[in-house]
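# Chains, contacts and geometry: an overview
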Amino acid sequence: MRHTTDIYLTATGTWLPDHRRPLADAVAAGLVGESHRDLGYESIAVEESGTAPVDMAVAAARQAVHRSGRAGAEFGLHLHASVWFQGLDCWAPAAYVANHSVGPQAIAYSVDQRSAGGLGALHLAAAYLTCGTVGNALITTGDRFDGPAIDRWNSYVQAIWGDGGTALALSTEAGFARLLSSVVVSDNSLERWDRGATPFAAGPLQEKPVQVEKRFEQHAATPGAEAEFGRWTAAVLAARDQVLAEAGVQLGDITRAVLPFVHRGGGQAELHDLLGLTEEQTVWRELGRQVGHLGAGDPFAGLDRLLQDGALAVGDRVLLYSVGVGFTMAAAVIEITDLPA
């Protein structure tokens, strides 16, 4: 979607736990399997005080709303994305986060497309803003990957889960960056990679911990699985090419990029290589390898880090990119217009 209506990013917010568990300590404690020891992470953000993921999202949201200079009552839409358990079964976490950050008036929806949920929510919010249904929108994410129901260290391919909440405020009025384009590209024929040969259950948590990587390996062993990597690659590049074309920019115009905090390590090609970017353009070194994969929150946490570090200048074009199993690729290009004080 090329955004001809002016849509602005007005503020970011991030809540991360104080504790960073060094990966070496987790390895020494026998928590990390062989396949996850050399992914390039130095530490992982681990919330040890019991803060619920929705309260992490609320804290990030309040920070973003405050920075935006808007009153909470001005926000007409709130979208909340997550990957893991939100504190209760069968409830509405988006309503909780909205009520405790911007108030009862905001339309509140949960977005569930795994790690692509945050940028997918941005794409949806842009449509609301474009048609004039709302003038200000808030997106949040929040996750805490506690055991024993999930194994943060070994349950996901090429990643270790980190805890945290993030937020992004959008408006049709002025902000620190203009949204040039946003796209979502899907290939639902690849959903089996997250399902494997595991039969459907009658209730939640029939397997503890959840065996996401096992399902991946189950499908990887099936005939034709290797050929599906080509379709995955095609979808990754299609999202990149479409979001750049609709923004009216070239890859060489991109100053910085925020990609998923997922890493293969060991000198293998990474997602930034496939996209035609350098690791220095990403925030892997500054943030990703320090906190782990924050689920749907990587793009907003990474953008917030760039802003707080003073790493962006007016006129910079930034690529935000996410990959969600299923598979969904979500991307956006923003142009910095007026850096926050």
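For the structure itself, look to the data block above.
Residues numbered from 1 in each chain as written. Predicted model: local features only at pLDDT ≥ 70, side-chain atom pairs only at ≥ 80, totals over all residues. Heavy atoms only, no water.

## Considering the overall build of the protein chain
Selection criterion: Segments assigned H or I by DSSP are reported as helices when at least four residues long, segments assigned E as strands when at least two residues long, and all are numbered from the N terminus. We compute the radius of gyration over the C-alpha atoms and compare it with the globule rule, which gives 2.2 Å times the number of residues raised to the power 0.38. Relative accessibility under 20% of the residue-type maximum defines a buried residue, over 50% an exposed one, and the middle range a partly exposed one, all with a 1.4 Å probe and only protein chains included. Should any heavy atoms of two residues lie within 4.5 Å, those residues are counted as being in contact.
When helices and strands are counted, the protein chain shows nine helices and 11 strands. For a compact globule of 341 residues, the expected C-alpha radius of gyration is about 20 Å, and the protein chain comes in at 19 Å, within 12% of that figure. Projecting the C-alpha coordinates of the protein chain onto the three principal axes gives extents of approximately 50 × 40 × 35 Å. For the protein chain, buried positions account for 54% of its 341 residues. In the protein chain, the share of contacts with a sequence separation of at least 24, taken over all contacts with a separation of at least 6, comes to 79%.

## As for the nonpolar core
Note on soluble globular proteins: their nonpolar side chains tend to be buried together. Convention followed: To form a nonpolar core, buried Ala, Val, Leu, Ile, Met, Phe, Trp, Tyr and Cys residues must be joined to one another through side-chain atoms within 4.5 Å.
Counting residues in each nonpolar core, the largest one holds 89 residues, and the members touching the most others are Leu9, Leu122, Leu170, Tyr321 and Val333. In this structure, Leu9 is in contact with Leu168, Ala169, Leu170, Gly175, Phe176, Ala177, Leu179, Leu303 and Ile334, ignoring residues within four places of it in sequence.

## What about the environment of Cys131?
With respect to the helices and strands, Cys131 occurs in helix 4 (residues 117-131). Judged by its relative accessible area of 56%, Cys131 is exposed. Distance from Cys131 to Phe216, taken between C-alpha atoms, is 40 Å for residues 85 residues apart in sequence.

## Some points on helix 9 (residues 298-308)
Along helix 9, nine of the 11 residues are buried, which leaves the element largely enclosed by surrounding structure. Taken as a whole, helix 9 has its buried residues at Asp298, Pro299, Phe300, Ala301, Gly302, Leu303, Asp304, Leu306 and Leu307. Taken from the residues just after helix 9, Gly310 is the one with a positive phi, measuring 65°.

## A word on the pairing of strand 6 (residues 136-143)
Note the threshold: Strands qualify as paired when DSSP identifies two bridges or more between them.
Counting buried positions over the eight residues of strand 6 gives eight, a clear majority of the element. By the alternation rule, side chains of strand 6 split into Asn136, Leu138, Thr140 and Gly142 and Ala137, Ile139, Thr141 and Asp143, which are all buried. With eight bridges joining them, strand 6 and strand 7 (residues 164-171) adopt antiparallel strand pairing. Bridging across to strand 7, Gly142 finds its partner in Gly165.

## Notes on the pairing of strand 11 (residues 328-336)
Across the nine residues of strand 11, nine count as buried, placing the element largely inside the fold. Every second residue of strand 11 is oriented toward a common face, with Thr328, Ala330, Ala332, Ile334 and Ile336 on one face and Met329, Ala331, Val333 and Glu335 on the other, all of them buried. Two strands pair when backbone bridges link them, and strand 8 (residues 177-186) and strand 11 are joined in this way by nine bridges, in the antiparallel orientation. The residue of strand 11 that forms the bridge with Leu179 is Ile334. Between the end of strand 10 (residues 317-324) and the start of strand 11, which pair antiparallel, lie three residues, with Gly326 showing a positive phi angle near 140°.

## Thoughts on unusual backbone geometry
Glycine aside, residues mostly have negative phi angles, and peptide bonds mostly take the trans form. For the bond running from Gly147 to Pro148, omega is 5°, close enough to zero to count as cis. Tracing the chain through its elements places Pro148 in the loop between strand 6 and strand 7. Positive phi, normally seen in glycine, also occurs at Gln158, with a value near 60°. Tracing the chain through its elements places Gln158 in the loop between strand 6 and strand 7.

## Let's talk about helix 5 (residues 212-220)
Put simply, the test is: This arc is taken over the directions from the axis of the helix to the C-beta atoms.
Considered for burial, the residues of helix 5 that qualify are Val212, Glu213, Arg215 and His219. Buried positions in helix 5, seen along its axis, are confined to an arc of 160° and lie on one side of it. Of the surrounding secondary structure, the elements contacted by the buried residues of helix 5 are helix 6 (225-247).

## Overview of the packing of aromatic side chains
This is how it is decided: Working definition: rings of Phe, Tyr and Trp (its six-membered ring) pair if their centres are within 6.5 Å, and the pair is stacked with planes under 30 degrees apart, edge-to-face with planes over 60 apart, and tilted otherwise.
As enumerated under the stated definition, the model contains four aromatic pairs in all. On the numbers, 5.2 Å between centres and 65° between planes, the contact of Tyr41 with Trp284 is edge-to-face. Of this pair, Tyr41 sits in the loop between helix 1 (23-28) and strand 3 (43-45) while Trp284 sits in helix 8 (residues 284-291), and the two are 243 residues apart along the sequence. An identical accessibility class is assigned to Tyr41 and Trp284; each is buried. With a centroid separation of 4.8 Å and 35° between ring planes, the pair formed by Tyr156 and Trp161 is classed as tilted. Exposure remark for Trp161: the relative accessible area of 5% places this residue in the buried category. Site record: aromatic cluster; members linked through ring pairs are Phe145, Tyr156 and Trp161.

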